[in-house]
Amino acid sequence: EDMATILATHKTGTLSLQGISTLPAELAIILTQHKGETLGLDGLTDISVETATAFGSYEKNLWLDGLLDISPEAAIALAGKQMQLTLNGIVELPDDVAKALARHQGELLLDQILSISDEAAASIASHHGGLSMKNLENISNEAAEQLNNITDSLNLQLDYINPDSSAEILRN
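Remember, predicted model here, so these are calculated numbers, not experimental data. (Residues numbered from 1 in each chain as written. Predicted model: local features only at pLDDT ≥ 70, side-chain atom pairs only at ≥ 80, totals over all residues. Heavy atoms only, no water.)

**Some words on the overall build of the protein chain**
Defined as follows: Numbering goes from the N terminus for both helices and strands, where a helix is a DSSP run of H or I of at least four residues and a strand is a run of E of at least two. For every residue, the accessible area (1.4 Å probe, protein chains only) is compared with the maximum for its type, and the residue is labelled buried under 20%, exposed over 50%, or partly exposed between those bounds. Contacts are assigned to residue pairs that have any heavy atoms within 4.5 Å of one another. Residue burial considers only the protein chains on display, and all accessible areas are found by Shrake-Rupley using a 1.4 Å probe.
Each helix and strand in the protein chain was counted, giving eight helices and seven strands. The burial tally for the protein chain puts 49% of its 172 residues in the buried class. Within the protein chain, counting contacts between residues at least 6 apart in sequence, those at least 24 apart form 38% of the total. Of the roughly 8300 Å² of accessible surface on the protein chain, a fraction of 49% belongs to carbon and sulfur atoms.

**As for the environment of Ile139**
For Ile139, the position within the fold is in the loop between strand 6 (131-133) and helix 7 (141-147). On a C-alpha basis, the gap between Ile139 and Asp118 in space is 8.4 Å, while along the polypeptide they are 21 residues apart.

**With respect to the confidence of the model for the protein chain**
Our working rule: On a range of 0 to 100, pLDDT expresses the predictor's confidence in each residue.
Averaged over every residue, the pLDDT of the protein chain is 87; residues scoring 70 or more account for 88%. Highest mean pLDDT in the protein chain belongs to helix 5 (residues 95-101) (97); lowest belongs to helix 8 (residues 163-171) (56).

**Quick notes on the nonpolar core**
Where we set the bar: Residues belong to a common nonpolar core when they are buried Ala, Val, Leu, Ile, Met, Phe, Trp, Tyr or Cys residues joined through side-chain atoms within 4.5 Å.
With 47 residues, the main nonpolar core has Leu64, Leu101, Leu110 and Ile116 as its most contacted residues. Setting aside anything within four residues of it in sequence, one finds Ile116 in contact with Leu93, Ala121, Ile124, Met133, Leu136, Ile139 and Ala143.

**Notes on helix 3 (residues 49-56)**
Within the span of helix 3, buried status applies to Thr51, Ala52, Ala54, Phe55 and Gly56. Buried-residue contacts for helix 3 involve helix 2 (25-31), strand 2 (38-40), strand 3 (61-63) and helix 4 (72-78).

**Points about the sheet that holds strand 6**
Going by this rule: By this definition, two strands are paired if DSSP reports at least two bridges between them. Between N-to-C directions, angles cover 0 to 180 degrees, with each direction set by a line fitted to C-alpha atoms, over the stretch in contact for helices.
A sheet is described by the order of its strands in space; here seven strands give the open sequence 1-2-3-4-5-6-7, paired in parallel fashion. Bordering the open sheet on either side are strand 1 (14-16) and strand 7 (154-156), each of which pairs with just one other strand. The mean angle between the axes of side-by-side strands here comes to 10 degrees, regardless of whether they run parallel or antiparallel. As defined by bridge partners, strand 5 (residues 107-109) adjoins strand 6 across two bridges and the pair is classed as parallel.

**Side note on the side chain of Ser123**
With respect to the element layout, Ser123 can be found in helix 6 (residues 118-124). Setting aside residues no more than four positions away along its own chain, Ser123 makes contact with Asp95, Ala98, Lys99 and Ala102.

See below:
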């Protein structure tokens, strides 16, 4: 706890604690006092609802790229006002998690998502802030139509675009 308090006083740039794989909520609360631009916890492999709740109030960039999945409850708690929330370790986006993450109010990076269901696309399209899904392999026409409703930046680096859905994507 003392070390977390000391580290939280870091005032500039990025505080990256990549070696931490688990983090109790009490320490997460202390770390959210970090005054720099980014708190990087890419070594974190699991997140409890309590820890996610603590990070939900953090208003800077939050990197959690070590998470391979997240529960809908933790996603709801985490989806706060971060300028940027990166969850680049997650490869699947269940519909209920997409709905929860849509509440996030900043840039959302989900760059390891390989596919997205029509329902998940409809949910995530209501997100306010930029959305990045760089590894999305392909999407249906319906998902393309839904993602086209995103009002902020949309970053997709598709390997293949279905000719029928390309018009929808290009319309954005």
